[in-house]
Amino acid sequence: PGVTSPFTLQVSFSGSGVPPNPLPQCHGDCDDDTQCEGDLQCFQRSGTEAVPGCFGNVTASPITDYCAHRPTVDTLWMKGDNGSPAA
């Protein structure tokens, strides 16, 4: 198998419910920020948006949401709606 960078997109959890451990940076599939390690946030995608700070094939798993760092607190981070219907 190839060597992966710690910032390579990886799907470490794909079951339903909550991952058994908080997910590290660039790992998915998360549903909310509490499923990510430390101050990481769950970057909700509704398609093939690039995940901030992560590298890899975003089209391989277009509905997967990944844990990521927001670059700064002042950075506007437009998250997808994960395909959810409007409330």
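Being a predicted model, the structure only gives us computed values, none of them experimental. (Residues numbered from 1 in each chain as written. Predicted model: local features only at pLDDT ≥ 70, side-chain atom pairs only at ≥ 80, totals over all residues. Heavy atoms only, no water.)

Once that is clear, we can look at the overall build of the chain. Tallying secondary structure elements over the chain gives zero helices and four strands in all. Along the chain, from the amino end to the carboxyl end, the secondary structure elements read β-β-β-β. When each of the 87 residues of the chain is scored for burial, the buried share is 32%. Of the contacts formed within the chain by residues at least 6 apart in sequence, a portion of 45% connects residues at least 24 apart. In the form shown here, the chain has an accessible surface area of approximately 5,400 Å², with 57% of it arising from carbon and sulfur atoms. (Helix = DSSP H or I, 4+ residues; strand = E, 2+ residues; numbered from the N terminus. Buried < 20%, exposed > 50% of the residue type's maximum accessible area, 1.4 Å probe, protein only. Contact = heavy atoms within 4.5 Å. Areas by Shrake-Rupley, 256 points an atom, 1.4 Å probe, with all protein chains shown as cover.)

Further remarks concern the nonpolar core. Within the largest apolar cluster, eight residues are counted, these being Leu9, Cys26, Phe43, Val51, Cys54, Val58, Tyr66 and Ala68. Ranked by size, the runner-up nonpolar core spans seven residues in total, among them Leu23, Cys30, Cys42 and Cys67. (Core = buried A, V, L, I, M, F, W, Y, C linked by side-chain atoms within 4.5 Å.)

Here we take up the state of the cysteines. For the structure shown, the criterion picks out three disulfides. Residue pairing for Cys26: its cysteine sulfur links by disulfide to Cys54, the two sulfurs lying 2.1 Å apart. For the disulfide bridge between Cys26 and Cys54, the dihedral angle about the S-S bond is near -90°, and by the sign convention the bridge is left-handed. Linking Cys26 in the loop between β1 (10-11) and β2 (27-28) with Cys54 in the loop between β3 (41-43) and β4 (66-68), this pair joins segments that are 28 residues apart in sequence. The residues Cys26 and Cys54 share a single accessibility class, namely buried. (Disulfide = S-S within 2.5 Å.)

Residue Asp29 is bonded to the preceding Gly28 through a cis peptide linkage, with omega at 15°. Summarising the element assignment, Asp29 is placed in the loop between β2 and β3. Even without being glycine, Cys26 reaches a positive phi, approximately 70°. Residue classification places Cys26 among the buried residues on the basis of a relative accessible area of 0%.

In this structure, Phe43 sits in strand β3. It is 9.0 Å that separates the C-alpha atoms of Phe43 and Arg70, two residues lying 27 residues apart in sequence.

Mean pLDDT over the chain: 79, with 75% of residues reaching 70 or higher. The least confident element of the chain is β1, whose mean pLDDT is 88; the most confident is β4, at 93. (pLDDT = per-residue confidence, 0-100.)

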